[in-house]
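Inside the fold
Residue strings, one per chain:
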2 protein chains.
Amino acid sequence: MGQYAGTTSTDMAQSEHGNLIAASKVNGTNIYNPDGESLGSIYDVMIDKMTGRVAYAVMAFGGFLGIGEDYHPLPWNVLKYNEQFGGYVVDISPDRLKQGPAFHQNETPEWSAGYGGEIDDYYGKTIL
Amino acid sequence: MGQYAGTTSTDMAQSEHGNLIAASKVNGTNIYNPDGESLGSIYDVMIDKMTGRVAYAVMAFGGFLGIGEDYHPLPWNVLKYNEQFGGYVVDISPDRLKQGPAFHQNETPEWSAGYGGEIDDYYGKTIL
């Protein structure tokens, strides 16, 4: 335990060298609006097993200290990494995010083609 | 706690629908040789923050129950997902894996371009 205590930021730095970040460290990364205000954080990312591409980021949104959070899957390409903020920027209003496809804390969606299509349709039609 | 007890396989199934798998579930996935014999498992995957591509899979190799393991980063494209095995197949001999770039359990490599190049060079020249 001891050697890891309080070293989160060090771990992050070591695993984020260059453009690479360990998947285990992506989760928890903050998501901001373009003004740098926190919108939420990355709960998990969905990887296409065949192509190795990240298809969706699941954003944790609302709640407090992980309690009462909702999870909002976003197409990966709506997230832009921002070196200055040290996190991702999503240029979508909180209202629009709230109304998008989502699941609750104790639910696990079926990651079917239909569910993916629902996410793509919702955000693909977003006028940013 | 109760609702998650003993449901690892269920969680896997729910998070693996179609071609998508949650990054948090990739870690621990078995790696096999083409004959289906276990070579190791995925310890972590390194994601390019800008493009959203998985660049490297870090393979846990050797050791016993996580003790004494070495970590061998592999270019993602040497791993082929195999539905039948429910894991990834790597067609590289254990001897060749053993001699490749690796780090020990309590080390964290610098994920610099140089380190990536070292991995790419080693495996890119592999005659499969």
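The numbers attached to residues start from 1 for each chain and follow its sequence in the written order. A letter from A marks each chain and a number from 1 marks each ligand, given out in the order of writing. Per-residue local features of the predicted model are confined to residues with pLDDT of at least 70, and side-chain atom pairs are confined, for both listing and counting, to 80 or more; whole-chain, interface and lining totals are unaffected and use all residues. Derived side-chain values reflect all non-hydrogen atoms in the structure, with water molecules and hydrogen atoms excluded from consideration.

Chain A carries the name Sporulation protein YlmC, PRC-barrel domain family in an unreviewed UniProt entry, which gives Methylocapsa palsarum as its organism.

Overlaid copies result from least-squares superposition on C-alpha atoms, with residues included only where pLDDT is at least 70 in both. The two copies are related by a screw motion: chain B maps onto chain A through a turn of 180° and a shift of 0.0 Å along the axis, at an RMSD of 0.0 Å. In the structure described here, the two chain copies are related by an operation that fits a two-fold rotation axis. Residue B:Arg53 of chain B places its C-alpha closer to the rotation axis than any other residue of that unit, at 2.3 Å. Any two residues having at least one pair of non-hydrogen atoms within 4.5 Å are treated as being in contact. When the interface residues of chain B are mapped onto chain A, 100% of them again lie at the interface, so the same face is used by both copies.

Bringing the environment of B:Ala57 into the picture now. All names here are of chain B. Here a strand is any run of E in DSSP of at least two residues, a helix any run of H or I of at least four, and the numbering for each starts at the N terminus. For Ala-57, the position within the fold is in strand β4 (residues 54–61). Ala-57 sits in the buried class, given a relative accessible area of 1%. Along the backbone, Ala-57 and Tyr-43 are 14 residues apart, and their C-alpha atoms lie at a distance of 7.7 Å. Here Ala-57 is in contact with Asp-44, Val-45, His-72, Pro-73, Leu-74, Trp-76 and Leu-79, once residues within four sequence places are set aside. Exposure classes here rest on a 1.4 Å probe applied to the protein chains alone. A residue is buried below 20% of its type maximum, exposed above 50%, and partly exposed in between.

Contacts between the two partners involve 38 residues from chain B, matched on the other side by 39 residues from chain A. Counting the surface lost from both chain B and chain A, the interface buries some 3,500 Å², and carbon and sulfur atoms represent 55% of this. Here, a salt bridge means any Lys or Arg side-chain nitrogen found within 4 Å of an Asp or Glu carboxyl oxygen. Our count for the chain B to chain A interface comes out at 0 salt bridges. By the criterion applied in these results, polar contacts are pairs of N or O atoms within 3.5 Å in which, for protein atoms, one can donate a hydrogen and the other can accept it, and in which residues neighboring in sequence qualify only through two side-chain atoms. If you look at where chain B meets chain A, you find 10 residue pairs in polar contact (both at pLDDT 80 or more). Residue assignment for the side of chain B that touches chain A shows that the elements contributing at least two residues are α1 (8–15), β1 (20–22), α2 (23–26), β3 (38–48) and β4 of chain B. For the side of chain B that touches chain A, the element with the most residues is β3(B), which contributes 5 residues. Of the residues assigned to the side of chain B that touches chain A, the class counts are 18 nonpolar, 13 polar and 7 charged. Taken together, the 3 bridges between strand β3 (residues 38–48) of chain A and β1(B) define a ladder with antiparallel strand orientation. Buried surface area refers to the total accessible area, computed with a probe of radius 1.4 Å, that the two partners give up upon joining, counted for both partners together. Under the grouping applied here, Gly and all other residues not named as nonpolar or charged are polar, the nonpolar ones being Ala, Val, Leu, Ile, Met, Phe, Trp, Tyr, Cys and Pro and the charged ones Asp, Glu, Lys and Arg. For two strands to be treated as a pair, DSSP must find no fewer than two bridges joining them.

Relative to the assigned elements, B:Ser41 resides in strand β3. Among all residues touching B:Ser41, those that are not within four sequence positions of it are B:Gly28, B:Thr29, B:Asn30, B:Ile31, B:Val58, B:Met59 and B:Ala60.

Ranked by internal contacts, the top residues of the largest apolar core, which has 68 residues, are A:Val45, A:Ile47, B:Val45 and B:Ile47. For B:Val45, the contacting residues outside a window of four places in its chain are A:Ile21, A:Ala22, A:Ala23, A:Ile47, B:Val26, B:Asn27, B:Val54, B:Tyr56, B:Ala57 and B:Trp76. To qualify as a nonpolar core, a set must consist of buried Ala, Val, Leu, Ile, Met, Phe, Trp, Tyr and Cys residues joined through side-chain atoms within 4.5 Å.

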